[in-house]
Amino acid sequence: MTLIAIALIGLPFALAAAGTAWVRITNLAMLFVFLSLGLNIVVGFAGLLDLGYIAFYAVGAYVYALLASPHFNLHLPFWIILPIGALVACLFGVLLGAPTLKLRGDYLAIVTLGFGEIVRIFLNNLSQPVNITNGPQGISRIDPFRLGTFSFSRTETIFDLQFSGPIKYYYILLVLLLLVIAVNLRLQHSRIGRAWEAVREDEIAARAMGINTTRIKLLAFAMGASFGGVAGGMFAAIQGFISPESFVLVESVMVLSMVVLGGMGNVWGVVLGAVLLSFVPELLRYTVEPLQKSLFGKSIVDPEVIRMLLFGLALVLMMLYRPAGLLPSAVRKRELKGSAK
Amino acid sequence: MSARQEQGPGAPSSGDAAGGGVLLECARLDKRYGGVLALAEIEFSIHRREIYGLIGPNGAGKTTLFNALTGIYPAEAGGFRFDGNSLSGLAPDQIAARGIARTFQNIRLFGNLSALDNVMIGRHVRTRTGVFGAVLRTRAALEEEAAIEKRALELLRYVGIAARANEVARQLPYGDQRRLEIARALATEPKLLALDEPAAGMNATETAELKQLLLRIRADGITILLIEHDMKLVMGLCDRVLVLDYGRKIAEGAPREVQRNPRVIEAYLGGAIAEAPAA
């Protein structure tokens, strides 16, 4: 336990030695862990397939960008905006959840997919007649986190240690992430978590047992969405620039893949899935090209192609050997075994 | 908690006070599926602490009546009064909260969860921990969680499957799954327990044990509405019986009377019984 803690605290400095880019990559990976844990509530716990989850990330990011950038010349502090972003995303979650309460499986997936696209298209087009989102150009020069005069984007030297911007964000993300993990774990083993499980297993039986399935499903949507909103706000602050392009369908699919690969419903599995799927492509990016250059003298295959190839291969292998995920939840494992029988 | 009984499902207080009053009243109930009248003008009432049987040939509308009662498929006309209040327009979870719990003909357990989890879910409607309590692990939440688990274990013991608490519901033997469904229903603290063919698929020994269990549940103050095809069980257990055929009530009364009712015999054995050649 202490070893892990020391490793997590020391990690950014080790990464910084390899290049600040790696700290940034790690931060992005942590955002994806954050997102996956949010989606895990909806998909893993309550069993509601959501293919438009990235919309909440977008909502959170845009709320932050609009309230802390020269775009509207608003510069609210981050500790006010993040909760607002969570709240607005939560509202969108209910907005999506309410009309889809009666849907399950494929049908729900299609509606959520549409929802995700609608949000992105709105962001893309809300530049006229009143310029709200600045359309496809996106919003730039977004404020970093700031506490008084302490800015999270500047590099500072404390005790001979260089704290670069990304390193500071790393620690914020780490703290938030631990909180989110704790929330996930505690919810899972509670009255609420059991109600979600009941809804996932058999909705009619759940209702007959006195569970208000409407409320419990909306709760899952709302909670998942607000996590997405907070992650979005962090994303906007860290990047300093956002545009609708960051919130395309592929991103939703990516987050869902992280949840599924790691093991739906198992918090640690989801963390592992998100970390793997965030890092491996980056590793490839940094190894595939130099490797080809040194072997053949030129780059033959684009790293992006290799990445997709491996991604596909990984999914096929997973379905064959670990259909319930790398670290499956006990319940999912039983479920899949049962259906195979 | 009460000294009166240690592990019983806990009799609702109103049951004792009102003695033999009416618990459930069904008035002119109609239920349609498209053009088919599945239930027509059904009327009956169940007294407190009664074991009330609901019988009839396949397709007579017994399960339809259960679904109407528990709000899963509400009726078009007429309705139920339960414990003095109308159930019209209530959702299934609200009806469960009022004190009606049911089991299902084709067992609907939360199959991938443990037996214990199944019963703990039954406690949902009588407990209140929300998101904040669960996340912050407030004292109230922790205490409630412990109470939920304790109660669930008691109920598993009560129906006789305590040893299987941690086994996956789906993998339990058939008879135990039926018992588990009863335990889960009891966890909601019902005043009326509606059982849809609890003895289906059970052997003679299991059925006899089930009978003892149901008698014990009644003795603990819970009224039972029972759909059952095992006539021996119905006749030996029920105080009164309602017979349905093609969605209509054809007889009601003590099991012995009903058994001799020519309309009932006709419904069960077919109108042409006299001419039918002995097989």
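This text follows the structure it describes.
Residues numbered from 1 in each chain as written. Chains lettered and ligands numbered in written order. Predicted model: local features only at pLDDT ≥ 70, side-chain atom pairs only at ≥ 80, totals over all residues.

(A) Spotlight on the sheet that holds strand β6 (residues 100-102) of chain B. Residue and element names in this part refer to chain B. If you trace the 6 strands from one edge of the open sheet to the other, you get β6-β7-β8-β3-β9-β10, paired in mixed fashion. The sheet is open, and its two borders are formed by β6 and β10 (248-253), each paired with just one other strand. On average, each strand axis in the sheet is tilted by 20 degrees relative to the strand beside it, whichever way the strands run. Relative to β10, strand β9 (residues 240-245) is paired through 5 bridges, and the arrangement is antiparallel. Bridge assignment links Asp245 to a residue of β10, and that residue is Arg248. (Pairing = 2+ DSSP bridges. Helix = DSSP H or I, 4+ residues; strand = E, 2+ residues; numbered from the N terminus. Axes fitted to C-alpha atoms, helices over the stretch in contact; angles between N-to-C directions.)

(B) Looking closely at helix α4 (residues 115-122) of chain B. Across the 8 residues that make up α4 of chain B, a large majority, 8, are buried. Within the span of α4 of chain B, buried status applies to Ala115, Leu116, Asp117, Asn118, Val119, Met120, Ile121 and Gly122 of chain B. (Buried ≥ 20, exposed ≤ 12 C-beta atoms within 10 Å, placed from the backbone.)

(C) Representation of the interface of chain A and chain B in the model. The interface of chain A with chain B comprises 25 residues on the first partner and 30 residues on the second. Only α6 (165-188), α7 (191-201), α8 (203-208) and α13 (330-340) of chain A provide two or more residues apiece to the side of chain A that touches chain B. If you tally residues by element for the side of chain A that touches chain B, the top one is α7 of chain A, at 7 residues. Of the residues belonging to the side of chain A that touches chain B, the class tally is 12 nonpolar, 4 polar and 9 charged. (Contact = placed C-beta atoms within 7 Å. Nonpolar A, V, L, I, M, F, W, Y, C, P; charged D, E, K, R; others polar.)

(D) Representation of the packing of helix α4 (residues 78-97) of chain A against helix α9 (residues 213-239) of chain A. Residue and element names in this part refer to chain A. Where α4 meets α9, the closest approach of the two axes is 7 Å, and the angle between their N-to-C directions is 140 degrees. The angle between α4 and α9 falls in the class oblique. Considering the relative orientation of α4 and α9, their crossing is right-handed. Partitioning the contact of α4 with α9 into residue classes produces 16 nonpolar, 9 polar and 1 charged. (Parallel < 35°, antiparallel > 145°, perpendicular 65-115°, else oblique. Left-handed = near helix turned anticlockwise from the far one by under 90°.)

(E) Spotlight on the sheet that holds strand β4 (residues 77-82) of chain B. Residue and element names in this part refer to chain B. Strands sit in the order β2-β1-β4-β5 across an open sheet of 4 strands; the sheet is antiparallel. In this open sheet, the two edge strands, each paired with only one partner strand, are β2 (36-47) and β5 (85-86). Pairing between β4 and β5: 2 bridges, direction antiparallel. For Arg81, the partnering residue across the bridge sits in β5 and is Ser86.

(F) Quick look at the pairing of β9 of chain B. All names here are of chain B. In the sheet, strand β3 (residues 51-55) pairs with β9 via 4 bridges, with the strands oriented parallel. Residue pairing in the sheet places Ile55 in a bridge with Val243 of β9. The antiparallel pairing of β9 with β10 creates a hairpin that spans 2 residues between the two strands, and Tyr246 there sits at a positive phi of about 45 degrees.

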